[in-house]
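Fold and geometry: a report
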Amino acid sequence: MRIDVVSIFPDYLAALDLSLVGKARRSGLLDLRVHDLRDWTADRHRTVDDTPFGGGAGMVMRPDVWGAAIDSVLGDDPEGHLVIPTPSGEVFTQRHAEAFATETHLVVACGRYEGIDARVAERYRAAGRRVSELSIGDYVLNGGEVAALVMVEAVGRLLPGVVGNPESLVEESHGAAGLLEYPVYTKPPAWEGLEIPEVLLSGHHAKIDRWRRDRALERTAARRPDMVAALDVAGLDKHDLRL
Ligand SMILES: COC(=O)COc1cccc(COC(=O)c2cn[nH]c2)c1
(Lines give C-alpha, C1' and ligand atoms only; values in the text may rest on other atoms or scores of the structure.)
Protein backbone atom coordinates (compact mmCIF):
# COMPACT_ATOMS: atom_id res chain seq x y z
CA MET A 1 0.00 0.00 0.00
CA ARG A 2 1.13 3.51 -0.81
CA ILE A 3 0.31 6.54 1.35
CA ASP A 4 1.36 10.06 0.36
CA VAL A 5 1.15 12.79 3.00
CA VAL A 6 1.42 16.44 1.89
CA SER A 7 2.11 19.11 4.52
CA ILE A 8 3.87 22.44 5.08
CA PHE A 9 5.46 20.75 8.12
CA PRO A 10 6.73 17.42 6.70
CA ASP A 11 9.02 16.95 9.74
CA TYR A 12 5.85 16.56 11.82
CA LEU A 13 5.43 13.15 10.18
CA ALA A 14 8.90 11.96 11.29
CA ALA A 15 7.21 9.94 14.05
CA LEU A 16 6.10 7.56 11.29
CA ASP A 17 9.71 6.38 10.95
CA LEU A 18 9.38 4.80 14.39
CA SER A 19 7.93 1.57 15.74
CA LEU A 20 5.46 -0.55 13.79
CA VAL A 21 4.80 1.91 10.97
CA GLY A 22 8.54 2.48 10.59
CA LYS A 23 9.07 -1.28 10.41
CA ALA A 24 6.31 -1.59 7.80
CA ARG A 25 8.05 1.08 5.72
CA ARG A 26 11.46 -0.57 5.97
CA SER A 27 10.01 -3.98 5.10
CA GLY A 28 8.22 -2.54 2.08
CA LEU A 29 4.74 -3.40 3.41
CA LEU A 30 3.93 0.32 3.48
CA ASP A 31 5.22 2.76 0.86
CA LEU A 32 4.84 6.01 2.84
CA ARG A 33 5.99 9.23 1.17
CA VAL A 34 5.94 12.61 2.93
CA HIS A 35 6.00 15.78 0.81
CA ASP A 36 6.48 19.50 1.49
CA LEU A 37 3.54 21.41 -0.04
CA ARG A 38 5.86 24.34 -0.72
CA ASP A 39 7.66 22.25 -3.35
CA TRP A 40 4.67 23.02 -5.59
CA THR A 41 4.71 26.80 -5.14
CA ALA A 42 5.83 29.00 -8.02
CA ASP A 43 6.81 32.22 -6.27
CA ARG A 44 10.02 33.28 -4.54
CA HIS A 45 8.33 33.33 -1.14
CA ARG A 46 6.84 29.85 -1.65
CA THR A 47 3.39 31.19 -0.70
CA VAL A 48 0.70 28.62 0.12
CA ASP A 49 -2.07 30.84 1.49
CA ASP A 50 -4.03 34.05 0.94
CA THR A 51 -6.84 36.08 2.52
CA PRO A 52 -10.38 34.60 2.54
CA PHE A 53 -13.00 35.80 0.02
CA GLY A 54 -15.91 37.20 2.02
CA GLY A 55 -13.56 38.49 4.71
CA GLY A 56 -12.95 37.08 8.16
CA ALA A 57 -9.86 36.36 10.20
CA GLY A 58 -7.09 34.03 9.20
CA MET A 59 -5.82 32.76 5.88
CA VAL A 60 -6.98 30.11 3.41
CA MET A 61 -4.71 27.66 1.60
CA ARG A 62 -4.52 28.28 -2.14
CA PRO A 63 -6.20 25.86 -4.56
CA ASP A 64 -3.55 26.19 -7.28
CA VAL A 65 -0.72 25.04 -5.02
CA TRP A 66 -2.77 22.16 -3.58
CA GLY A 67 -3.96 21.19 -7.06
CA ALA A 68 -0.40 20.96 -8.34
CA ALA A 69 0.68 18.90 -5.32
CA ILE A 70 -2.25 16.47 -5.40
CA ASP A 71 -2.05 16.02 -9.19
CA SER A 72 1.61 15.19 -8.76
CA VAL A 73 1.24 12.59 -6.00
CA LEU A 74 -2.05 11.12 -7.30
CA GLY A 75 -0.67 10.89 -10.79
CA ASP A 76 -3.08 9.12 -13.11
CA ASP A 77 -3.79 6.43 -10.51
CA PRO A 78 -7.58 5.89 -10.66
CA GLU A 79 -7.38 4.08 -7.30
CA GLY A 80 -6.00 7.12 -5.49
CA HIS A 81 -8.20 8.16 -2.55
CA LEU A 82 -7.85 11.78 -1.35
CA VAL A 83 -8.25 12.06 2.43
CA ILE A 84 -8.49 15.52 4.01
CA PRO A 85 -8.44 15.71 7.83
CA THR A 86 -10.77 18.50 8.96
CA PRO A 87 -12.77 19.41 12.07
CA SER A 88 -15.84 19.59 9.83
CA GLY A 89 -15.52 16.06 8.48
CA GLU A 90 -17.31 12.77 9.00
CA VAL A 91 -15.82 11.03 12.06
CA PHE A 92 -12.91 8.70 11.27
CA THR A 93 -13.58 5.31 12.88
CA GLN A 94 -12.06 1.83 12.94
CA ARG A 95 -14.39 1.02 10.06
CA HIS A 96 -12.62 3.66 7.94
CA ALA A 97 -9.23 2.27 9.01
CA GLU A 98 -10.30 -1.25 8.01
CA ALA A 99 -11.58 -0.04 4.63
CA PHE A 100 -8.48 2.06 3.93
CA ALA A 101 -6.20 -0.88 4.80
CA THR A 102 -7.66 -2.76 1.81
CA GLU A 103 -6.92 0.11 -0.60
CA THR A 104 -3.82 0.63 -2.73
CA HIS A 105 -3.22 4.39 -2.53
CA LEU A 106 -4.17 7.13 -0.07
CA VAL A 107 -3.20 10.79 -0.41
CA VAL A 108 -3.54 12.73 2.87
CA ALA A 109 -3.72 16.51 2.45
CA CYS A 110 -2.82 18.29 5.71
CA GLY A 111 -4.62 21.63 5.93
CA ARG A 112 -3.52 24.54 8.10
CA TYR A 113 -4.79 28.04 8.90
CA GLU A 114 -8.56 28.32 8.22
CA GLY A 115 -8.46 25.44 5.80
CA ILE A 116 -7.96 24.52 2.18
CA ASP A 117 -9.92 26.31 -0.58
CA ALA A 118 -13.12 24.25 -0.95
CA ARG A 119 -12.65 23.98 -4.71
CA VAL A 120 -9.81 21.49 -4.17
CA ALA A 121 -12.11 18.76 -2.82
CA GLU A 122 -14.76 19.85 -5.32
CA ARG A 123 -12.37 19.48 -8.28
CA TYR A 124 -11.32 15.94 -7.44
CA ARG A 125 -14.89 14.84 -6.68
CA ALA A 126 -15.99 16.31 -10.04
CA ALA A 127 -13.18 14.34 -11.68
CA GLY A 128 -14.74 11.18 -10.23
CA ARG A 129 -12.07 10.57 -7.63
CA ARG A 130 -12.82 9.42 -4.08
CA VAL A 131 -12.47 12.31 -1.63
CA SER A 132 -13.05 11.86 2.13
CA GLU A 133 -13.10 14.81 4.53
CA LEU A 134 -12.61 13.18 7.94
CA SER A 135 -12.46 14.36 11.55
CA ILE A 136 -10.54 12.48 14.24
CA GLY A 137 -12.64 14.10 16.95
CA ASP A 138 -14.55 17.13 18.14
CA TYR A 139 -11.72 19.54 18.83
CA VAL A 140 -9.70 21.85 16.63
CA LEU A 141 -6.01 21.28 15.90
CA ASN A 142 -3.65 23.71 14.20
CA GLY A 143 -3.33 21.47 11.19
CA GLY A 144 -4.00 18.09 9.71
CA GLU A 145 -0.59 16.58 10.53
CA VAL A 146 -1.62 15.09 13.90
CA ALA A 147 -4.75 13.64 12.28
CA ALA A 148 -2.55 12.21 9.51
CA LEU A 149 -0.38 10.49 12.15
CA VAL A 150 -3.51 9.01 13.71
CA MET A 151 -4.90 7.75 10.42
CA VAL A 152 -1.62 6.36 9.09
CA GLU A 153 -1.04 4.46 12.35
CA ALA A 154 -4.64 3.16 12.51
CA VAL A 155 -4.42 1.93 8.89
CA GLY A 156 -0.77 0.84 8.87
CA ARG A 157 -1.15 -1.51 11.83
CA LEU A 158 -3.93 -3.37 9.99
CA LEU A 159 -1.77 -4.15 6.96
CA PRO A 160 -1.01 -7.89 6.75
CA GLY A 161 2.37 -8.65 8.26
CA VAL A 162 2.76 -5.39 10.18
CA VAL A 163 1.56 -6.62 13.57
CA GLY A 164 3.42 -9.76 14.69
CA ASN A 165 0.40 -11.57 16.04
CA PRO A 166 -2.72 -10.87 13.93
CA GLU A 167 -4.74 -12.36 16.82
CA SER A 168 -4.04 -9.17 18.76
CA LEU A 169 -5.93 -7.23 16.12
CA VAL A 170 -9.10 -9.26 16.45
CA GLU A 171 -10.15 -8.77 20.08
CA GLU A 172 -9.89 -4.99 20.24
CA SER A 173 -11.82 -1.93 21.31
CA HIS A 174 -14.15 -0.70 18.58
CA GLY A 175 -13.74 -4.07 16.98
CA ALA A 176 -16.48 -6.03 15.28
CA ALA A 177 -18.24 -6.60 18.64
CA GLY A 178 -18.66 -2.83 18.91
CA LEU A 179 -17.66 -2.83 22.60
CA LEU A 180 -14.92 -1.08 24.55
CA GLU A 181 -12.00 -3.21 25.79
CA TYR A 182 -12.29 -4.99 29.16
CA PRO A 183 -9.72 -4.15 31.93
CA VAL A 184 -6.42 -6.03 31.68
CA TYR A 185 -4.00 -7.20 34.41
CA THR A 186 -0.54 -8.72 34.65
CA LYS A 187 1.98 -9.73 37.36
CA PRO A 188 2.45 -9.13 40.25
CA PRO A 189 -0.90 -10.63 41.40
CA ALA A 190 -0.91 -8.23 44.37
CA TRP A 191 0.33 -4.67 43.97
CA GLU A 192 -0.01 -1.87 46.51
CA GLY A 193 -2.58 -3.98 48.32
CA LEU A 194 -4.62 -4.36 45.12
CA GLU A 195 -5.53 -7.85 44.01
CA ILE A 196 -6.66 -9.00 40.54
CA PRO A 197 -10.13 -10.46 39.88
CA GLU A 198 -10.14 -14.09 41.11
CA VAL A 199 -11.82 -15.41 37.97
CA LEU A 200 -8.73 -14.55 35.93
CA LEU A 201 -6.70 -17.05 37.99
CA SER A 202 -9.33 -19.78 37.69
CA GLY A 203 -8.20 -21.21 34.39
CA HIS A 204 -11.91 -21.55 33.62
CA HIS A 205 -11.90 -20.02 30.13
CA ALA A 206 -15.67 -19.89 29.67
CA LYS A 207 -15.99 -17.96 32.96
CA ILE A 208 -13.07 -15.70 32.01
CA ASP A 209 -14.61 -14.93 28.63
CA ARG A 210 -17.96 -14.19 30.28
CA TRP A 211 -16.31 -11.96 32.89
CA ARG A 212 -14.47 -10.04 30.14
CA ARG A 213 -17.60 -9.61 28.08
CA ASP A 214 -19.53 -8.34 31.15
CA ARG A 215 -16.82 -5.81 31.93
CA ALA A 216 -16.74 -4.68 28.28
CA LEU A 217 -20.52 -4.23 28.29
CA GLU A 218 -20.46 -2.36 31.62
CA ARG A 219 -17.70 -0.05 30.43
CA THR A 220 -19.37 0.61 27.11
CA ALA A 221 -22.71 1.39 28.80
CA ALA A 222 -20.99 3.71 31.30
CA ARG A 223 -18.61 5.54 28.96
CA ARG A 224 -20.08 5.29 25.49
CA PRO A 225 -23.89 5.11 25.55
CA ASP A 226 -23.76 6.04 21.88
CA MET A 227 -22.03 2.73 21.14
CA VAL A 228 -24.57 0.78 23.19
CA ALA A 229 -27.32 2.22 21.00
CA ALA A 230 -25.52 0.84 17.93
CA LEU A 231 -24.99 -2.60 19.48
CA ASP A 232 -26.44 -5.52 17.60
CA VAL A 233 -28.80 -6.44 20.45
CA ALA A 234 -29.82 -9.58 18.62
CA GLY A 235 -26.23 -10.75 19.01
CA LEU A 236 -26.43 -10.57 22.82
CA ASP A 237 -28.06 -13.32 24.88
CA LYS A 238 -30.36 -12.60 27.86
CA HIS A 239 -27.44 -12.97 30.32
CA ASP A 240 -25.62 -10.07 28.67
CA LEU A 241 -28.65 -7.83 28.89
CA ARG A 242 -29.05 -8.20 32.65
CA LEU A 243 -26.45 -5.40 33.11
C1 LIG B 1 -11.36 20.83 3.70
O2 LIG B 1 -10.54 20.59 4.83
C3 LIG B 1 -9.77 21.59 5.32
O4 LIG B 1 -9.83 22.70 4.87
C5 LIG B 1 -8.84 21.22 6.43
O6 LIG B 1 -8.27 22.40 7.01
C7 LIG B 1 -7.85 22.36 8.31
C8 LIG B 1 -7.64 23.56 8.97
C9 LIG B 1 -7.19 23.55 10.29
C10 LIG B 1 -6.94 22.35 10.94
C11 LIG B 1 -7.13 21.16 10.25
C12 LIG B 1 -6.80 19.88 10.92
O13 LIG B 1 -7.87 19.09 11.26
C14 LIG B 1 -8.34 19.27 12.56
O15 LIG B 1 -8.12 20.26 13.21
C16 LIG B 1 -9.15 18.15 13.06
C17 LIG B 1 -9.39 16.97 12.40
N18 LIG B 1 -10.17 16.23 13.20
N19 LIG B 1 -10.44 16.91 14.32
C20 LIG B 1 -9.83 18.09 14.25
C21 LIG B 1 -7.58 21.16 8.92
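Now for a description of the structure that goes with this document. This one's a predicted model, so the numbers in the text were calculated from it and none came from an experiment.

1. Concerning the overall build of the protein
Looking only at helices and strands, the protein has eight helices and seven strands in total. Summarising its shape, the C-alpha atoms of the protein cover approximately 70 × 40 × 40 Å along the three principal directions. A buried classification covers 39% of the 243 residues belonging to the protein. Looking at the protein alone, contacts between residues at least 24 apart form 74% of all its contacts between residues at least 6 apart. A total accessible area of about 14,000 Å² is found for the protein, and carbon and sulfur atoms account for 55% of it. Between the centroid of the 28 positive side chains of the protein and the centroid of its 38 negative side chains there is a distance of 3 Å.

2. Regarding the layout of surface pockets
What the largest pocket holds in volume is close to 530 Å³. Lining the largest pocket are 27 residues, and of these Pro85, Thr86, Pro87, Glu114 and Gly115 lie nearest its centre. Counting residues per element, the ones that place at least two in the lining of the largest pocket are strand 5 (81-91), helix 4 (119-126) and strand 7 (130-135). In the lining of the largest pocket, the residues fall into 14 nonpolar, nine polar and four charged.

3. A look at the site of the ligand
Taken together, 18 residues sit near the ligand, with Ile116, Ile136, Gly137, Tyr139 and Leu141 positioned nearest. Measuring from a nitrogen atom of the ligand, one finds a backbone N or O atom of Tyr139 at 3.4 Å. Judged by the proximity of its atoms to the pocket grid, the ligand belongs to the largest pocket. Mapped by element, the contributors of at least two residues to the shell around the ligand are strand 5 and strand 7. With four residues, the top contributor of residues to the shell around the ligand is strand 5. When its residues are assigned to classes, the shell around the ligand shows nine nonpolar, seven polar and two charged.

Cut-off values and rules
Residues numbered from 1 in each chain as written. Predicted model: local features only at pLDDT ≥ 70, side-chain atom pairs only at ≥ 80, totals over all residues. Heavy atoms only, no water. Helix = DSSP H or I, 4+ residues; strand = E, 2+ residues; numbered from the N terminus. Buried < 20%, exposed > 50% of the residue type's maximum accessible area, 1.4 Å probe, protein only. Contact = heavy atoms within 4.5 Å. Areas by Shrake-Rupley, 256 points an atom, 1.4 Å probe, with all protein chains shown as cover. Lys, Arg positive; Asp, Glu negative; His and termini not counted. Charge placed at Lys NZ, Arg CZ, Asp CG, Glu CD. 1 Å grid on protein atoms, 1.4 Å probe; cavity = no way out; pocket = protein on both sides within 12 Å on 5 of 7 lines; lining within 4 Å. Points joined across faces, edges and corners; volume = space filled by probe spheres on them. Nonpolar A, V, L, I, M, F, W, Y, C, P; charged D, E, K, R; others polar. Near = heavy atom within 4 Å. Polar contact = N/O pair within 3.5 Å; in protein donor to acceptor, adjacent residues only side chain to side chain. Sits in = over half its atoms within 2 Å of the grid points.

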